[in-house]
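As a plain string of letters, each chain reads:
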Amino acid sequence: MDYKAKTVAGLLAATCVFSIIALILSVVNVKDVFLPPSTKYGLVFDAGSTHTALYIYRWPADKENGTGIVSQVEACTAPGEGISSYADNPAEAGASLKPCLDKAMKIIPAEQQRDTPTYLGATAGMRLLREQNSTKAEQVFAEVSKAIGKYPVDFRGAQILTGNEEGSFGWITINYLLETLVKYSFAEKWEHPRDTEVLGALDLGGASTQITFQPGVTTEDNSTSTFFRLYGSNYSLYTHSYLCYGQTQALKMLLADLHKGNSSSQEISHPCYPMGYQENVTMSALYNSPCVRAPSTPSPAQVLTVIGTGDPAACSTAIRKLFNFTCGANRTCGFNGVYQPPVRGQFFAFAGFYYTFHFLNLTSQQSFSDVNSTIQTFCNKSWAEVTQKQLQLHHTQWLVMVHQRTSSQKNANMNDPD
Ligand SMILES: Nc1ncnc2c1ncn2[C@@H]1O[C@H](COP(=O)(O)OP(=O)(O)O)[C@@H](O)[C@H]1O
C-alpha cells in the first residue's frame, strides 16, 4: 500500500478535491445506465472555505455495478476566496465562478454540454455563514445558482454538504484513488480487490476537520454512522466533522483565547508565531466567526497587535487548551466528548495535512520521530528565517502536531511505517 499511497499523494495534492469524485459517483443518475455507451462529462464545484475550484470529470456512460468509474479531465481554481467570503457582496460570488465555467465550455463538446450534470457542493465555510446569518447564506447560494444557470449545462443544484457527507465523500475518494474499492484487473475488468483493507480518512480543512473510518465494532451513535454500497460492496463507516477545527478557524480560536487571557492589553503575545513577527488585527476581524465568542463589550474598530514569541512548548500548551480530551464513562471519544469507536487500520491524511507535510518535505512516509524533529526545528526558526510565503504553513504545523499527537495517543496509524 505504501507505494500506492505515495503515488496517489501527488494526485491528491494536484486535485485537492477529495469529496468531489465521491459526489459525482454518488449522484450519477440511474437513467444514465440506459444511455448508449459513450463518454459523459460532469462538472463539480468544490466551494471550500478558502477557495472554490471547478473539476471537470469524464466517464464511460455504461457503468460498473451501479457506480461510475470517473477520471478528472481538468481542474480550475476560481479567482478570489471561498464563496462564504462574499456574504456582503453575493453577486461577486456568482461572478467568481464564470472564468472556470468558460473554461469548461471550451473543453466539453457543445453537443454534450446540455447533458453535463453540474453540481456545487459547499463545505464548512458556508455551514458557518448559515449559522451566523442564514439570509446571507441563501443570497450567496442564489447568486452562484444564477451564475451557473446561465450556462447550457444540466445544473442539478447547489448545496451545503453536511459534515457527515464531507467526511464520507473524502473517505470514498481516497479509497477510490488508492484502488481499495475497485481495481482494473488483468482480466481487463473492474473488480473488487481481494485482501485489500480500506484506509481511514483524516481531512484537515480550513473551517472543519473530518475523521472517517471503518470501525471494528458497531457504531454506538447513529449520528456518526453512515452506510454506502459501492461497486457491489457494502461499507459501514464512522464519520465525524469537527466544525471550527479546520486550520483557519482553529487559529482564530487560538488567537481569541490568547487575547482573552490578557484582554486589557492591546498586544497579544503569540507563542506560535516566530520571534520577530508582528501583525495588526482588528477586533471585528478576530471575532467575525461563530467559532469565537466576542467579548461582552465589543469594540470592533480596536486594533490589536500580535507579537510572535516563538515558544514551541507554550504554543503546544495553548493549542491543547482548544481540545477537551475528557470522555464520558464507558465511552471512547475523539475530542470535545464526541463519540468515536477505537480507531482501526491505516489512515490517509490529506488536504491541510498534505500541504503542511509537503512544505516540510515530509510526504515520503517519514517516521513519526523524523516528523516531530522536523517540526521542532522549523518551530524554532525566527521570523527572519521564515519568509512570508512560509508563514501560513508555519501557523498550521502546530495544529498538525496536535492532531498527530492526539492520533498517536489513541493508537491511530497515520501511514507511519514505524
Ligand atoms: N495550495 C495550497 N497550499 C497550501 N494550503 C492550501 C492550499 N489550498 C488549500 N490550502 C489549505 O487547505 C485547507 C483546506 O481548504 P478548503 O478546501 O478551502 O477548506 P474546507 O475544507 O474547510 O472547505 C485550508 O486551510 C487552506 O488554507
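Owing to the predicted nature of the structure, the values given are computational and were not obtained by experimental measurement.

Q: Please provide a residue-by-residue account of the pairing of strand 2 (residues 52-60), values included.
A: With seven of its nine residues buried, strand 2 lies for the most part within the structure. A loop of four residues connects strand 1 (residues 39-47) with strand 2, the two strands running antiparallel in sequence.

Q: Describe the sheet that holds strand 5 (residues 154-160), and please don't skip the residues or the numbers.
A: Note: strands within a sheet are paired through backbone hydrogen bonds, in either parallel or antiparallel orientation. Here we have five strands laid out as an open sheet, ordered 3-2-1-4-5, and mixed in their pairing. Edge strands, defined here as strands with exactly one partner in the open sheet, are strand 3 (71-77) and strand 5. With direction set aside, neighbouring strand axes in the sheet form an average angle of 15 degrees. Sheet contacts for helix 4 (residues 98-107): strand 1, strand 2 and strand 3; angle to strand 3, the most-contacted strand, approximately 150 degrees.

Q: Before we move on, can you summarise the layout of surface pockets with the specific residues and values?
A: What the second largest pocket holds in volume is close to 200 Å³. What lines the second largest pocket is simply Lys 183, Tyr 184, Ser 185, Phe 186, Glu 191, His 192, Pro 193 and Arg 194. Residues belonging to the lining of the second largest pocket are distributed by class as follows: three nonpolar, two polar and three charged.

Q: Could you give an account of the domain arrangement of the protein, with specific residues and numbers?
A: Taken domain by domain, the protein comprises domain 1 (39-161) and domain 2 (247-315). Using only C-alpha atoms to locate each centre, domain 1 and domain 2 end up separated by 34 Å. Taking both partners together, domain 1 and domain 2 bury about 340 Å²; carbon and sulfur atoms supply 66% of that area. Seen at the junction of domain 1 and domain 2, the total is zero salt bridges. On inspection of domain 1 and its partner domain 2, the count reaches one residue pair in polar contact (both at pLDDT 80 or more). When grouped by side-chain class, the residues that make up the side of domain 1 that touches domain 2 number one nonpolar, two polar and one charged.

Q: I'd like a description of the state of the cysteines, backed by residues and values.
A: Overall, the coordinates contain four disulfides when judged by the stated rule. A disulfide bridge connects Cys 244 with Cys 291, and the sulfur atoms are separated by 2.0 Å. Where Cys 244 bonds to Cys 291 through sulfur, the torsion about that S-S bond is close to -85 degrees, and the disulfide is left-handed. With a gap of 47 residues between them, Cys 244 in the loop between strand 11 (233-243) and helix 9 (247-260) and Cys 291 in the loop between helix 10 (283-286) and strand 14 (303-308) connect regions that are remote in the sequence. For Cys 244, a relative accessible area of 11% translates into the label buried. Classification of Cys 291 as buried rests on a relative accessible area of 12%. One disulfide bridge connects Cys 327 with Cys 333, the sulfur atoms lying 1.9 Å from each other.

Criteria and cut-off values
Residues numbered from 1 in each chain as written. Predicted model: local features only at pLDDT ≥ 70, side-chain atom pairs only at ≥ 80, totals over all residues. Heavy atoms only, no water. Buried < 20%, exposed > 50% of the residue type's maximum accessible area, 1.4 Å probe, protein only. Helix = DSSP H or I, 4+ residues; strand = E, 2+ residues; numbered from the N terminus. Pairing = 2+ DSSP bridges. Axes fitted to C-alpha atoms, helices over the stretch in contact; angles between N-to-C directions. Contact = heavy atoms within 4.5 Å. 1 Å grid on protein atoms, 1.4 Å probe; cavity = no way out; pocket = protein on both sides within 12 Å on 5 of 7 lines; lining within 4 Å. Points joined across faces, edges and corners; volume = space filled by probe spheres on them. Nonpolar A, V, L, I, M, F, W, Y, C, P; charged D, E, K, R; others polar. Domains from an automatic or database assignment. Buried area = accessible area lost by both parts, 1.4 Å probe. Salt bridge = Lys/Arg side-chain N within 4 Å of Asp/Glu carboxyl O. Polar contact = N/O pair within 3.5 Å; in protein donor to acceptor, adjacent residues only side chain to side chain. Disulfide = S-S within 2.5 Å.

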